[in-house]
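# A closer look at the structure
If you want the building blocks of each chain, they are given just below.
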Amino acid sequence: LGEKEEELSNEIEQLLAMLPKAKNWNGVELCQYQGFWCQSKYLCGMIRFQRHFEAQDSDIILTTFPKCGTTWLKALIFTIANRSKYSLKNSPLLSQGPHELVLYLDYDLFMRDPLPALEDFPKPRIFATHTPYPSLPNSIKNSNCRIVYICRNPLDQFVSHWKFMVRVRVRNTEPISIDEAFEMACQGRQEFGPIWEQVLAYWKASKEEPHKVLFLKYEDLKENNKFYVKKLADFIGYPFTEDEEKQGKIEEISKFCSFDNMSNLEVNKNGAHPTGLKNDIFFRKGLVGDWKNYLTTSMSERLGKIIEEKLSGSGLTF
Ligand code: A3P
């Protein structure tokens, strides 16, 4: 492994030197890799993930565009899939944040270790990634594992992302203005962007293989949460029994994973992720339509129009 790893490191270094670069909204460097923007310092984890990850049929892969509901879906999928192992009173989510329990394959696991011991993970293994569909490793596409994707109205995603980037900006730098961030968003320049490309590719994949890719929207989950908790459970292969339904299990899980409950847990208010990020950073308002408090009409019309044009003909709207 040592030699191979060194070869790969050299290869990545050479690749990185050639890729287009941009500054992310928080000041860190992005590189444009396979058509999407990736943090340069994580390219290595991304490539190792693409080359070495072996999906198992029972895996559940959560794929999302950043700030579209990853934290929420991590909590929901973990809770649904492990409900026979842990009652809600004993849920690991009471002492660990969703991002500690469901790790990113590229940014966490393959970044930390060239060949992480993923075989040892309890089944079902639940992993997350923001990687666009075309760039997922073949073993995810070709095995029987399930892909759950969530996206969100790009205007709300923009505001959420901007607020987040201001908080995680490089130390001693000025926060990016909303106008500057907006300009970059309109050009598709944000981590894992352009958003329209990622959303479209997962949308198409879900149309072609509905048993394999479940396409969700944040707004739908907010509006009809119990319906989607049930749907998620069916999709990942952990359907609720009639008894569970009668006992109100769906509602219990829906409430447990709700913004109000999750954001008020001590671990999410004051705890921190092993990387040092505070957990509360992943819980801001959890609302639909908050963009109206930040964007002018001309801004919302401009981004709305870009999205509409990019998605036209796909049948997908926001
Ligand atoms: P806002 O910034 O609009 O509040 P991600 O988890 O993909 O990083 O997305 C973060 C967004 O999801 C934030 O949106 C955050 O508040 C919201 N969020 C986090 N947990 C949630 C939950 N349990 N229910 C609904 N929204 C949640």
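These lines cover the structure that appears in this document, whether it is placed above or below. In this text, all values refer to a predicted model and were calculated from it rather than measured experimentally.

Turning our eyes to something else, we now look at the overall build of the chain. The secondary structure content of the chain amounts to 16 helices and seven strands. Relative to a compact globule of 318 residues, whose C-alpha radius of gyration would be 20 Å, the chain shows 19 Å and is just as compact. Dimensions of the chain, computed from the C-alpha atoms along their principal axes, are close to 55 × 55 × 45 Å. With 318 residues in all, the chain has 57% of them scored as buried. Expressed as a percentage of contacts within the chain between residues at least 6 apart in sequence, the contacts between residues at least 24 apart total 73%.

Now for the site of the ligand. Near the ligand there are 17 residues, and of these Thr70, Thr71, Ser160, Arg284 and Lys285 occur at the shortest range. Within the contact set of the ligand, an oxygen atom lies 2.7 Å away from a side-chain nitrogen or oxygen of Lys67. Within the backbone of Gly286, one N or O atom sits 2.7 Å away from an oxygen atom of the ligand. For the shell around the ligand, the element with the most residues is helix H3 (residues 70-81), which contributes three residues. Split into classes, the residues belonging to the shell around the ligand amount to seven nonpolar, six polar and four charged.

Right, let's talk about the nonpolar core for a bit. Grouped together as the largest cluster of nonpolar side chains are 105 residues, with contacts concentrated most on Phe53, Val148 and Phe158. The residues contacting Val148, other than those within four sequence positions of it, are Ile60, Ile61, Leu62, Thr63, Leu73, Ile77, Leu214, Leu216, Leu232, Phe235 and Ile236.

Before going further, it helps to examine empty space enclosed by the protein. Going through the model one piece at a time under the given rule, you end up with one cavity of 30 Å³ or more. When its volume is computed, the largest cavity comes out at roughly 40 Å³. What lines the largest cavity is Phe78, Thr79, Asn82, Arg83, Tyr86, Ser87, Leu88, Ser91 and Pro92. Considering only residue class, the lining of the largest cavity consists of four nonpolar, four polar and one charged.

Next up on the list: the sheet that holds strand S1 (residues 21-23). Judged by pairing direction, the sheet is antiparallel, and its three strands sit side by side in the order S1-S2-S3 without closing on themselves. A single partner strand is all that each edge strand has here, and the edge strands are S1 and strand S3 (36-39). Strand-to-strand twist in this sheet, taken as the mean axis angle between neighbours without regard to direction, amounts to 40°. As defined by bridge partners, strand S2 (residues 29-33) adjoins S3 across four bridges and the pair is classed as antiparallel. Across the sheet, the residue bridging to Gln32 is Trp37, located in S3. The strands touched by helix H2 (residues 43-52) within the sheet are S2 and S3, with S2 carrying the most contacts at an inclination of about 30°.

With that settled, consider the side chain of Asp106. Mapped onto the elements of the fold, Asp106 is located in helix H5 (residues 105-112). For the buried Asp106, no salt bridge exists, and the shortest N-O distance to an oppositely charged side chain is 8.7 Å, to Lys74. Looking at Asp106, its side chain comes within polar contact range of the side chain of Thr131, at 2.8 Å. Apart from the residues lying within four places of it in its own chain, the contact partners of Asp106 are Gly45, Met46, Phe49, Met111, Thr129, His130 and Thr131.

Across all of its chains, the model carries 20 aromatic pairs by this definition. With centroids separated by 5.8 Å and ring planes inclined at 75°, the aromatic side chains of Tyr33 and Phe36 adopt a geometry described as edge-to-face. Here the two residues Tyr33 and Phe36 agree in accessibility, since each one is buried. Consider the rings of Trp203 and Phe215, whose centres lie 4.9 Å apart with planes at 75°: the pair is edge-to-face. Of the two residues, Trp203 sits in helix H9 (residues 195-208) while Phe215 sits in strand S7 (residues 213-217), which places them twelve residues apart along the sequence.

All right, on to helix H1 (residues 2-18) then. When the terminal C-alpha atoms of H1 are compared, their 25 Å separation across 17 residues agrees well with the 24 Å that a helix rising 1.5 Å per residue should span. The elements touched by buried residues of H1 are H2.

The next subject is the environment of Asn26. Assignment of secondary structure puts Asn26 in the loop between S1 and S2. Classification of Asn26 by relative accessible area gives buried; the value is 6%. When the C-alpha positions of Asn26 and Val148 are compared, they lie 28 Å apart, and in sequence the two are 122 residues distant. With residues up to four places along the chain from it excluded, the contact list for Asn26 reads Met165, Val168, Arg169 and Val170. A distance of 3.4 Å separates a polar atom in the side chain of Asn26 from the backbone nitrogen of Val28.

Quick look at the state of the cysteines now. Counted by the stated rule, this structure contains zero disulfides. Cysteine Cys31 remains unbridged, with the sulfur of Cys38 as its closest cysteine sulfur at 4.9 Å. Cysteine Cys44 remains unbridged, with the sulfur of Cys38 as its closest cysteine sulfur at 10 Å.

So, how was this worked out
- Residues numbered from 1 in each chain as written.
- Predicted model: local features only at pLDDT ≥ 70, side-chain atom pairs only at ≥ 80, totals over all residues.
- Heavy atoms only, no water.
- Helix = DSSP H or I, 4+ residues; strand = E, 2+ residues; numbered from the N terminus.
- Rg over C-alpha atoms; globule rule 2.2 N^0.38 Å.
- Buried < 20%, exposed > 50% of the residue type's maximum accessible area, 1.4 Å probe, protein only.
- Contact = heavy atoms within 4.5 Å.
- Near = heavy atom within 4 Å.
- Polar contact = N/O pair within 3.5 Å; in protein donor to acceptor, adjacent residues only side chain to side chain.
- Nonpolar A, V, L, I, M, F, W, Y, C, P; charged D, E, K, R; others polar.
- Core = buried A, V, L, I, M, F, W, Y, C linked by side-chain atoms within 4.5 Å.
- 1 Å grid on protein atoms, 1.4 Å probe; cavity = no way out; pocket = protein on both sides within 12 Å on 5 of 7 lines; lining within 4 Å.
- Points joined across faces, edges and corners; volume = space filled by probe spheres on them.
- Pairing = 2+ DSSP bridges.
- Axes fitted to C-alpha atoms, helices over the stretch in contact; angles between N-to-C directions.
- Lys, Arg positive; Asp, Glu negative; His and termini not counted.
- Salt bridge = Lys/Arg side-chain N within 4 Å of Asp/Glu carboxyl O.
- Phe/Tyr/Trp six-rings, centres within 6.5 Å; stacked < 30°, edge-to-face > 60°.
- Expected span 1.5 Å × (residues − 1).
- Disulfide = S-S within 2.5 Å.

No statement about biological role is implied by the geometric values presented.
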